[in-house]
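Summary of structural features
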Amino acid sequence: MFLPGMKKTQKTYEESKIDVLLTYPKDGLRLFQSMIPIGLVSIGTVLQRAGYRVAVIDFNHYSNDFRRQLQFLRPKIIGIGGTTPSRKGSFLTARLAKQSLPHTPVVYGGINATFTAAEVLDNIPEIDFIIKGEGELSFPALCDAHIRGVGSGISCLPGLCFRNGSRIIENKPERIRDLSVLPFPDRDLLGDYYNLDMEFIGGPGDFIITSRGCPAACNFCSASRMFPGGIRLRPVDSVMAEIEYLLSRKNLSGLKLFDSTFTANRKHVEDFCNHVGQFKIPWECEIRADSVDAGLLKLMKDSGCYYINIGMETSHESHLKRISKGITSGQVLDVLSMCKRLGIHSKVFFTFGHLGQTFRECLEDIQFIDRHKGNIDFFAVTVGLRIYPGTRLESECRENGVLREGFSWTESCRKASNLLVGEPSDIPLLFQKQLGPVKLMTVLAILFAKKFIGTEKFLARMMFENIGSVLISMKLAVKHSIHKAERRMGRSLKERAWAGTVYHHARDAGPSSIQGGAGVSRYAFTGKAGDFKE
C-alpha cells in the first residue's frame, strides 16, 4: 500500500484515500497534561473493526497543512470531537473541512455537542450532523448509511441531530447498556505523542476506564446527564485484558483509573482489586467519601492503590447541600485519616465561588484546609466556578442573569476578568456581586501564598508545558503562513511527511491485538519523510 511520503503516483492518491477522518481540536493553555482523546479513539476503533479505513488527527500534536491533507485523503465523512473550552477549534475545523471538501458530511460529537446541539446547528452551517451522547454505535451507523448505503437511514438514528428544512431534528440518544460489546480503544490510532506522568511515583503512565456514569448529580458537573441511568460496569476480565494490552505496549510506572467514581459499586472494586494484583502495578482512582470504608481502602492499598482523588469542594454543609454533593465534610475527613494511616496519597478538590458563597466563607474554607493540610498531599483548587452546558449551574446562571438572555454557546466568552483567576480558556465564569473577580483573585493569591495549589513539581511541569505550547504555536503560525503562501502560488501536493497522523487500512480477516476487532494492517508514520512501516 502507498501512503503520503512515498513516491507520488496516481496509485498513491487512490490508495491513500480513507473512509473516515476523525479530528480533535487544540486545547490551548491548560492546567493538565495532554491526553489521548479516548472517546474519539474508541469510535475510531469500532470503525476499523467494521472495516472502515480510518485516520485520526489530534491538533495538539499536528503541524501540517490541513487543507491540503484533506485533498490528499479525501475522506467520505469527517468527525469532530472537542470540549466546551475547545469548541471554537471544533468549529474552525468544520469551516476548513467545508472549504476543502464542501460535499463531505461533517459530524460533531462529544460532551459540548451533546448539550448545545440546536444552538450549533442554528449558528454553525458547516456542521451537518451532531451526535448526542455516546457515539460508538451511532456514528458507525451513520457511516453505514452514508458510505455503504445500508441500514434503515438516518432519520431515526439514536442521538442524531440534523436540519430538515428550517426545522432541527433531535433524536433522543440511547446509552450503550453492555460496555463489553466495545473493543479496547486502540492507542496506536494516534501514535506515541502522549506522556502521562504519574504523580508522586514519577515515570510514564496510562489510563483506563472501567465504568461509565456517576452516582452524584453535582450542580457544576454534567457527567450524570452525559451518561444517564446510573453506573454501567465493564466485566473485570475485560478490564484486566485491557491492562495487559496497555502494559504490552510500553513500560508503565502506573495506571490512572478515569472512572467518574471508581468506588460507586463495591463489588466492582473488590473484583478489580482481587485481579489487578497480578500485574504488580501502582494505580490511582477517584472516589466518593460515602462509598468507602477502612476495609475497602485496605483492599485497594494491598492491590496497588497508592493515590486517591476525592471531591470535597467546600467545608460548609449548607453549600454542600446546595450543590447536591451528597456528602459531608466529616465524611471526607474520616476518609483522609484512613488513607493517611494506610499510606495512600490523597488529592482533594476544592472550589471557590459557588452560587451564594461569600468572601468570608472562602477564607473559612482556606482556614479549614490549613487545619487539615497534614492529611492532604495534593490540593486541586479551582477559583471561580466554570459554567458548562448541560449542568444545573448553567440553568441557575441563566435564571439569575449571570448568563445574559439569549446567550449562545457558539459565541465567545473570553473576558479579561477571567485572567484574574487564571482562566485563559473560552469559558464563562461565575462572578457574583458579593464575590467578583477581584475578591476571587485575592482568594487565589492567598492560596498561592500558602502553597495550597498543586505541588511545586506539578506547577513547574505545567508552566514548562504551557511555555512549550506557546512556542510551538508560534512556530506553527509561521509554518501555516508558509502553507498559505504555497497554496496561493498554486503549488501542487508535494512529497511531504504528514506527521501526526496514523493510517489504518482494514482487512477482512486476520488476527488482531484489539479485543473483538477485525484484522487490521497498521501503517504508522514514524516521523521522517517516507518513513512508514507496516
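See the structure printed just above.
All of these numbers come straight from a predicted model, not from anything done at the bench.

Before going further, it helps to examine the environment of Arg-212. Position of Arg-212 among the secondary structure elements: in strand β10 (residues 211-212). Relative accessible area serves as the criterion here: at 17%, Arg-212 is assigned to the buried category. Each C-alpha atom of the pair Arg-212 and Arg-234 lies 8.6 Å from the other, and the pair is 22 residues apart in sequence. When neighbours within four sequence positions are excluded, Arg-212 is seen to be in contact with Ser-42, Glu-134, Glu-136, Ile-176, Leu-179, Leu-182, Phe-227, Gly-230, Ile-231 and Arg-232. Polar side-chain contacts of Arg-212 include one of 2.6 Å to the side chain of Glu-134. For Arg-212, the side chain forms a polar contact with the side chain of Glu-136, separated by 2.7 Å.

Moving on to the pattern of salt bridges. Inspection of the entire model under this criterion finds 28 salt bridges. In this structure, Arg-68 engages Asp-65 in a salt bridge whose closest nitrogen and oxygen atoms are separated by 2.9 Å. As far as burial versus exposure is concerned, Arg-68 and Asp-65 are alike and both buried. A salt bridge links Glu-134 to Arg-232; the shortest N-O distance between them is 2.9 Å. Taken together, the residues span a long stretch of sequence, with Glu-134 in the loop between β5 (129-131) and α7 (138-148) and Arg-232 in strand β11 (residues 232-233) at a distance of 98 residues. Residue Glu-134 shares its accessibility class with Arg-232, and that shared class is buried. Through salt bridges with shared partners, a single ionic network connects Glu-134, Glu-136, Arg-212 and Arg-232.

Once that is clear, we can look at unusual backbone geometry. Phi at Phe-200 is positive, roughly 75°, even though this residue is not glycine. Looking at the element boundaries, Phe-200 is found in the loop between β8 (196-197) and β9 (204-208). Judged by its relative accessible area of 34%, Phe-200 is partly exposed. A positive phi angle, close to 60°, is found at Lys-451, a residue other than glycine. Considering the arrangement of structural elements, one finds Lys-451 in the loop between α17 (437-449) and α18 (456-488). Among the residues examined, Lys-451 registers a relative accessible area of 58% and is labelled exposed.

Reading the values: the criteria
Residues numbered from 1 in each chain as written. Predicted model: local features only at pLDDT ≥ 70, side-chain atom pairs only at ≥ 80, totals over all residues. Heavy atoms only, no water. Helix = DSSP H or I, 4+ residues; strand = E, 2+ residues; numbered from the N terminus. Buried < 20%, exposed > 50% of the residue type's maximum accessible area, 1.4 Å probe, protein only. Contact = heavy atoms within 4.5 Å. Polar contact = N/O pair within 3.5 Å; in protein donor to acceptor, adjacent residues only side chain to side chain. Salt bridge = Lys/Arg side-chain N within 4 Å of Asp/Glu carboxyl O.

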